[in-house]
Amino acid sequence: MTPSSRLRVTVWNENLHEQHQESVKKVYPRGMHTPIAEGIRRELGGEVTVRVATLDDPEHGLTEKVLADTDVLTWWGHAAHDRVADEVVNRVHARVLDGMGIVVLHSGHMSKIFMRLMGTSCRLRWRENGERETVWTVSPTHPIAAGVPHPIVIPHQEMYGEFFDIPAPDELVFISSYEGGEVFRSGCCYYRGGGRIFYFSPGHEEYPVYHQAEIQRVIANAVAWCAGGSPANDLPSARSDDSPRHWYLIPD
Ligand code: ZN
């Protein structure tokens, strides 16, 4: 595979809890983006180039050029959704409609970009007391479930429960259950314009969820799936490379 055909991934992280909250610093001393990026690199190997962008970068690290060079963007935000500039949100939204994939993680459900893409309030029930989360695969042949244990057990997580105010997912890959008895649609696929979207809820900042290899595997699979959209055949496209991409992973 030539370098020019590599899958180009941008891992976006708000990166505030890690800087300002001791408990989170301990779990993610190099920022949550580091294990997320490392997991994508490990699982997708030499077929991928990964860059990191954060809220404090100029234009949040999401300039026109960066987005033009991005096949799939991953998004983690929580404390500062309102600090993300509308101009950048508009830019990301336009790129998704034009074919860029986006993987929205955990509290990104209330980000401007996810709410814009969904068109609903995206509210949910939540309780933060470190319960066990069990992530069940409900679509075992879906590429995002490839090589993923059934179930994935996360020893400590924030509970996210139904009702989750999202449009019915185009494809549902995972549902989660919690010690308290709640359930949640934790892995949801959508198509918007030419772009693919995956929402994956595990990943509260206080727990080492993104250090778990099977969670990294899901994210890497999701990146590969979100990159799988082919350019539209009858819409103007800003993409420079019009060759179809198929990045599905083979199960172990
Ligand atoms: Zn959280």
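Scroll up to find the structure this text is about.
How each quantity is defined
- Position labels on residues start from 1 in each chain and follow its written sequence.
- This being a predicted model, a pLDDT of at least 70 is required before a residue's local features are given, and a value of 80 or more before pairs of side-chain atoms are given or counted; all residues contribute to the totals for chains, interfaces and linings.
- Each side-chain value is worked out from all heavy atoms of the structure, with water and hydrogens disregarded.
- The secondary structure listing takes helices from DSSP runs of H or I that are at least 4 residues long and strands from runs of E that are at least 2 residues long, numbered from the N terminus.
- Atoms are scored as donors when they are N, O or S and lie within 2.8 Å of the metal, with 3.2 Å used for Na, K and Ca; no water is included, so coordination may look incomplete.
- At least two DSSP bridges between two strands are needed for those strands to be called paired.
- Angular values range over 0 to 180 degrees, each being the angle between N-to-C directions of two axes fitted as lines to C-alpha atoms, with helices fitted over their stretch in contact.
- Should any heavy atoms of two residues lie within 4.5 Å, those residues are counted as being in contact.
- A side-chain nitrogen of Lys or Arg and a carboxyl oxygen of Asp or Glu constitute a salt bridge if their distance falls within 4 Å.
- Whether a residue is buried, partly exposed or exposed follows from its accessible area with a 1.4 Å probe, protein chains only, as a fraction of its type maximum: under 20%, in between, or over 50%, in that order.

Some remarks on unusual backbone geometry
Phase 1: Going from histidine 150 to proline 151, the amide bond is cis rather than trans, its omega being 0 degrees.
Phase 2: Omega for the bond connecting glutamate 162 with phenylalanine 163 falls within 30 degrees of zero, at 15 degrees, which places this linkage in the cis form.
Phase 3: Here phenylalanine 163 lies in the loop between strand S6 (152–161) and strand S7 (171–178).
Phase 4: A positive phi angle, near 65 degrees, is found at cysteine 122, a position not held by glycine.
Phase 5: By secondary structure assignment, the location of cysteine 122 is in the loop between helix H6 (112–118) and strand S5 (125–137).

Here we look at the coordination of the zinc ion
Four donors placed tetrahedrally around a metal ideally meet at 109.5 degrees, and six donors placed octahedrally ideally meet at 90 or 180 degrees.
Phase 1: Here the zinc ion is held by His106 (NE2), Glu158 (OE) and His204 (ND1), and the distances to it run 2.0 to 2.1 Å.
Phase 2: Counting residues between consecutive donors of the zinc ion along the chain gives the motif H-x51-E-x45-H. Of this pair, histidine 106 sits in the loop between strand S4 (101–105) and H6 while glutamate 158 sits in strand S6, and the two are 52 residues apart along the sequence.

Observations concerning the sheet that holds strand S9 (residues 195–200)
Phase 1: Sheet architecture is open: nine strands sit in the order S2-S1-S3-S4-S9-S8-S7-S5-S6, paired in mixed fashion. Two strands in the sheet have a free side with no partner beyond their single neighbour: strand S2 (48–54) and S6. Geometrically, the sheet is characterised by an average inter-axis angle of 25 degrees between neighbouring strands, direction not taken into account.
Phase 2: Summarising the sheet, S4 and S9 pair through four bridges and their orientation is parallel. Bridging from a neighbouring strand, valine 104 pairs with tyrosine 199 of S9.
Phase 3: Contacting strand S3 (72–76), S4, strand S8 (183–192) and S9, helix H5 (residues 86–97) crosses the sheet at an angle of about 115 degrees to S9.
Phase 4: Where helix H7 (residues 213–226) meets the sheet, it contacts strand S1 (7–13), S3, S4, S6, S7, S8 and S9, and its direction lies at approximately 165 degrees from that of S9.

Brief notes about the pattern of salt bridges
Phase 1: Under the counting rule described, the total for this entry stands at 16 salt bridges.
Phase 2: Here glutamate 43 ties to arginine 42 by a salt bridge, and the two come within 2.9 Å at their closest N and O atoms.
Phase 3: Linking glutamate 59 and arginine 91 is a salt bridge whose minimum nitrogen-to-oxygen distance equals 2.8 Å. In this pair, glutamate 59 sits in the loop between S2 and helix H4 (64–68) while arginine 91 sits in helix H5, placing the two residues 32 residues apart along the sequence.
Phase 4: Owing to a relative accessible area of 43%, glutamate 59 belongs among the partly exposed residues under this scheme.
Phase 5: A relative accessible area of 10% means that arginine 91 is categorised as buried.
Phase 6: A single salt-bridge network, built from bridges that share partners, covers Arg8, Lys65, Asp69 and Asp71.

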